Amino acid sequence: MKKAKLEFYEKTKLINFKFVKQWRWRLKASNGKILCASSEGFFNKVDCISNAKKTGWALVELVKTV
């Protein structure tokens, strides 16, 4: 049985008339469906990882950034 994977990725968003890159995370099942995702973007990858851990997904296998 394959494990779910936690992915971190950057998304560009328009904030105050400027394009800004923000980090987000999502948990994907082995069949590719998204089980849950961050509800907000983070300017630092470290903050994004910290949020994912606080949400309880720290034990899930981490994968490289998409």
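A. Here's a closer look at the overall build of the chain. Of the regular secondary structure elements, the chain holds 1 helix and 4 strands. Secondary structure of the chain in N-to-C order comes out as β-β-β-α-β. When the 66 residues of the chain are sorted by exposure, 24% land in the buried category. For the chain, the accessible area works out to roughly 5,200 Å², and carbon and sulfur atoms hold 55% of it.

B. How the structure looks around the packing of aromatic side chains. Considering all chains together, one arrives at 0 aromatic pairs under this definition. Directly above the ring of Tyr9 sits Arg26, whose terminal nitrogen or CZ lies 4.1 Å from the centroid.

C. Highlighting the pairing of strand β3 (residues 34-37). Where strand β2 (residues 18-28) and β3 come together, 3 bridges link them in antiparallel fashion. By the bridge assignment, Arg26 is partnered in β3 with Ala37. Here β2 folds back onto β3 in antiparallel fashion, the turn holding 5 residues, of which Gly32 has a positive phi close to 95 degrees.

D. Main features of the environment of Phe42. With respect to the helices and strands, the residue Phe42 is situated in the loop between β3 and α1 (45-54). Separated by 32 residues in the primary sequence, Phe42 and Glu10 have C-alpha atoms spaced 9.1 Å apart. When near neighbours in sequence (up to four residues on either side) are disregarded, Phe42 contacts Gln22, Trp23, Asp47, Cys48 and Asn51.

E. Region of the structure containing the pairing of strand β1 (residues 5-15). Sheet analysis places β1 next to β2, joined by 11 bridges and oriented antiparallel. Opposite Glu10, over in β2, you have Trp23 as the bridge partner. Taken together, β1 and the strand that follows it, β2, pair antiparallel across an intervening segment of 2 residues, in which Asn16 is found at a positive phi of about 50 degrees.

F. Region of interest: the confidence of the model for the chain. Here the chain shows a mean pLDDT of 82. Residues at 70 or above account for 80%. The least confident element of the chain is strand β4 (residues 61-62), whose mean pLDDT is 52; the most confident is β2, at 91.

Thresholds applied
- Counting of residues starts from 1 at the beginning of each chain's written sequence and follows it residue by residue.
- The predicted origin of the model limits local features to residues at a pLDDT of at least 70 and limits the giving and counting of side-chain atom pairs to 80 or more, whereas totals for whole chains, interfaces and linings rest on all residues.
- Side-chain numbers come from the whole structure's heavy atoms, not from hydrogens or water.
- Strands are runs of DSSP state E lasting at least 2 residues, helices are runs of H or I lasting at least 4, and numbering of each runs from the N terminus.
- Summary of the burial criterion: residues with accessible area below 20% of their type's maximum are buried, those above 50% are exposed, and those between are partly exposed, where the area comes from a 1.4 Å probe applied to protein chains only.
- What sets the accessible areas is the Shrake-Rupley method with a 1.4 Å probe; for residues, cover comes only from the shown protein chains.
- Only centres within 6.5 Å qualify two rings of Phe, Tyr or Trp (six-membered ring in Trp) as a pair; their planes then separate them into stacked at under 30 degrees, edge-to-face at over 60, and tilted for everything else.
- Only when the NZ of Lys or the CZ of Arg is both within 6 Å of the ring centre and within 35 degrees of the ring normal is a charge said to sit over the ring.
- Two strands are said to pair when DSSP picks up at least two bridges between them.
- The contact definition used throughout considers only heavy atoms, calling two residues in contact when any of these lie within 4.5 Å.
- Values of pLDDT, ranging from 0 to 100, describe the predictor's confidence in every residue of the model.

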